[in-house]
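Chains, contacts and geometry: an overview
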Amino acid sequence: MARAVKRAFRFRFYPTDAQAAELARTFGCVRLVYNMALAARTEAWTLRQERVNYHATSAMLTTWKKADNLAFLNEVSSVPLQQTLRHLQVAFTNFFAKRARYPSFKSKKKSRRSVEYTTSGFRWRDGQLTLAKMTEPLDIVWSRPLPEGARPSTVTVSQDPAGRWFVSLLCDDVIEQAPALGMVGVDAGLDSLLTLSTGEKIVNPRYERRDRSALAKAQRELARKAKGSHNRACSACGALAERMPLNMRSWTCRCGQTHDRDVNAARNILAEGLSVIACGGGVRPQRTDVRTGRSSTKQETQRTTAGIPRLQA
């Protein structure tokens, strides 16, 4: 049985200098419009007990563009500006429905850098994507094919803390329901990444061990730079320290999906499994009594010291 759904396909792309500058301006304008609209709605409710909806903030945006100090809002596409007002409306709807907290202001350093374009804000032709205010299509790395005949309805452009650019295309897709083939047990950790009940083992790539020295060096260099400084924000070691943990926490299994993996938890599971193999499951760590010098388990130490009062400092 087939089912029609909306699917987002995320790809990495490499913008030109002009495209990167245009997107950076758009990020700043979207953040400014969102914060100004949030401040206006908050002030209207606090002072006059008045609810301001999306249409009112859209009219405010038209007025803001006519101001001399906000004339730069006309230099970017109006589609992402309208979309951020719609996102703010959704945030207030979720707040009044008690599904989310009160909307917060966007920060230049901490908030996610992303903008959204609808069909009027981009051109899709011959498999190439061109955004508004741009003359050249984006240089996208097509790591997987789109559904046949698919046309994006929404395009989201984002930049992660490491400076990498991504584009997400929302398209119509049809998912065929696969027949049930039975159940397979999965055991995570120990010597291999995954062990299936069929006996198949998936090897642990151990990316963290391979890049541990490079990551430690990048973090040491980053620690010498003052927090919030321009030198820290633009340093190559800072980008490396941000990018490597993101890459190490994601891994792709044979099903084609990307999953998150906690390296420290995997290391602890492996250590516990090796101790059980070497000493058995019933063995407990030994403790030395400072009074008698005798080694004992934690349970024996608790029994022998149960009636002894603790010394006061």
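Procedures and definitions
- Residues numbered from 1 in each chain as written.
- Predicted model: local features only at pLDDT ≥ 70, side-chain atom pairs only at ≥ 80, totals over all residues.
- Heavy atoms only, no water.
- Helix = DSSP H or I, 4+ residues; strand = E, 2+ residues; numbered from the N terminus.
- Expected span 1.5 Å × (residues − 1).
- Buried < 20%, exposed > 50% of the residue type's maximum accessible area, 1.4 Å probe, protein only.
- Arc of directions from axis to C-beta.
- Contact = heavy atoms within 4.5 Å.
- Polar contact = N/O pair within 3.5 Å; in protein donor to acceptor, adjacent residues only side chain to side chain.
- Pairing = 2+ DSSP bridges.
- Phe/Tyr/Trp six-rings, centres within 6.5 Å; stacked < 30°, edge-to-face > 60°.
- Lys NZ or Arg CZ within 6 Å of the ring centre and 35° of its normal.

1. Some words on helix α2 (residues 54-66)
With 13 residues, α2 should reach 18 Å at 1.5 Å per residue; the first-to-last C-alpha distance of 19 Å fits that figure. Taken together, the buried positions of α2 are occupied by Y54, T57, S58, L61, W64 and K65. One face of α2 carries all of its buried residues, which in axial projection span an arc of 115°. With respect to the buried face of α2, the exposed residues turned more than 90 degrees away are H55, T63 and K66. Buried-residue contacts for α2 involve α1 (17-48) and α3 (78-96). Of the residues flanking the start of α2, the one acting as N-cap is N53, its side-chain oxygen 3.4 Å from the backbone nitrogen of H55.

2. Examining the sheet that holds strand β8 (residues 186-188)
Across the sheet, three strands lie side by side as β8-β9-β10; this open sheet has antiparallel pairing. A strand with exactly one partner marks an edge of an open sheet, and here the two such strands are β8 and β10 (201-202). By the bridge criterion, two bridges tie strand β9 (residues 194-196) to β10 in an arrangement that is antiparallel. What sits directly across from T195, in β10, is K201.

3. A few points about the packing of aromatic side chains
This structure, assessed with the given rule, holds eight aromatic pairs. Geometrically, the ring pair formed by F27 and W165 is stacked, given 5.9 Å between the ring centres and 15° between the ring planes. Within this pair, whereas F27 is found in helix α1, its partner W165 is found in strand β7 (residues 165-176), the two being separated by 138 residues in sequence. For W165, a relative accessible area of 10% translates into the label buried. An aromatic cluster is present here, built from F92, F95, F96 and Y102 joined pairwise through their rings. In this structure, K106 packs its charged tip against the face of Y34, placed 4.5 Å from the ring centre.

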